[in-house]
Amino acid sequence: MELKSKIPSGPLEQKWDSHRFNMKLVNPANKRKYSVIVVGAGLAGASAAATMSELGYKVSCFVYHDSPRRAHSIAAQGGINAAKNYQNDGDSIKRLFYDTIKGGDFRSREANVYRLAQCSVNIIDQCVAQGVPFAREYGGLLTNRSFGGAQVSRTFYARGQTGQQLLLGAYQALEKQVGKGAIAMHTLTEMVDVILVDSVARGIVARDLRTTERAIGEHAAVVARERDALRHALVDDVDRHLRESVDVGFPRAEVSALDGVLEEALDRVAVVLVILGGVDPALGGDRVGAAR
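Let me begin by describing the structure that accompanies this report. Quantities reported herein were computed from a predicted structural model and do not represent experimental measurements. (Residues numbered from 1 in each chain as written. Predicted model: local features only at pLDDT ≥ 70, side-chain atom pairs only at ≥ 80, totals over all residues. Heavy atoms only, no water.)

## Comments concerning the overall build of the protein
Item 1. Helices and strands together make up the secondary structure of the protein, namely seven helices and 11 strands.
Item 2. Burial statistics for the protein: of 292 residues in total, 30% are counted as buried.
Item 3. For the protein, long-range pairs separated by at least 24 residues make up 49% of all intrachain contacts whose partners lie at least 6 apart in sequence.
Item 4. A total of about 19300 Å² of accessible surface is found on the protein, and carbon and sulfur atoms cover 51% of it. (Helix = DSSP H or I, 4+ residues; strand = E, 2+ residues; numbered from the N terminus. Buried < 20%, exposed > 50% of the residue type's maximum accessible area, 1.4 Å probe, protein only. Contact = heavy atoms within 4.5 Å. Areas by Shrake-Rupley, 256 points an atom, 1.4 Å probe, with all protein chains shown as cover.)

Structure follows, in structure tokens:
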């Protein structure tokens, strides 16, 4: 496997600015023709999904939690750094870049960290617009503190709940677009694999963590995904598909035919009962018998 960073060429300070300028723009009238898949609904995923949706793209967001508010971003409680230089203590994008590279033990990609420092200035404004209650001075201006050994005060914080408040701000921006029908939200859904076409990601393979309950209740077909109770199965026509010979996995044992399928909901749990029409004698030792 060859790992490609896709970092633009040119001087460090101009890499991403030149790249953005040379990128092809999408006409606003054509944005609805494009679909965007966002995997995850933490600070990055929720903000990306809400922003892309507000720009006019059709967005589908997948998260394996039951709610985007349960993302691990809630654990970031110390604050968020930005090169705003509100305290007039000599902070700058270059200084934030250097401190981040040094704090990461010089293991980060320099071009990406420099872009992070550039974007930090606008991220604070976006968070404030989303309603994040950053700490303020008595006069109402945003306040800062020094954090993590930095020589300048560049950390914006919300008491001891910075991660939680940032996540709630991104969550409400996401849910606003969901309420408008601009984002299709898929909770309790796990990404299994990425679909590549000519080495370009074109889609994902996802698995519903609610197993067969939702599939049976909302679709005509029974879709049993990998590792589910029904294993690998796609049943559209019960009479045609289930009357074929089925290998149940025992040595030299085969079920010759299936008599039918009974589907019954017990306490909101979908139960599928497979009735065997004929059983090979080799299955007798496994306590499997024919239907009575």
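Next, the rest of the story.
## Concerning the pattern of salt bridges
Item 1. The full count for this structure, using the stated rule, is seven salt bridges.
Item 2. A salt bridge links Asp91 to Arg154; the shortest N-O distance between them is 2.9 Å. One end of the pair, Asp91, is in the loop between strand S3 (80-81) and helix H3 (93-103); the other, Arg154, is in the loop between helix H4 (110-129) and strand S4 (155-156), with 63 residues separating them in the sequence.
Item 3. Between Arg210 and Asp208 there is a salt bridge whose closest N-O contact spans 3.2 Å.
Item 4. The class of Asp208 is buried, set by a relative accessible area of 9%.
Item 5. Here the residues in one salt-bridge network are Asp91, Asp99 and Arg154, joined through shared partners. (Salt bridge = Lys/Arg side-chain N within 4 Å of Asp/Glu carboxyl O.)

## Some thoughts on the sheet that holds strand S2 (residues 58-62)
Item 1. Here we have three strands laid out as an open sheet, ordered S1-S2-S5, and parallel in their pairing. At either end of the open sheet lies a strand with only one pairing partner, and these are strand S1 (35-39) and strand S5 (183-186). Here the strands of the sheet are splayed against their neighbours by 15 degrees on average, with no regard to which way each runs.
Item 2. Pairing between S1 and S2: five bridges, direction parallel. If you follow Ile37 over to S2, its bridge partner there is Ser60.
Item 3. Most of the contacts of helix H2 (residues 43-55) go to S2, to which it runs at about 165 degrees, and overall it touches S1, S2 and S5. (Pairing = 2+ DSSP bridges. Axes fitted to C-alpha atoms, helices over the stretch in contact; angles between N-to-C directions.)

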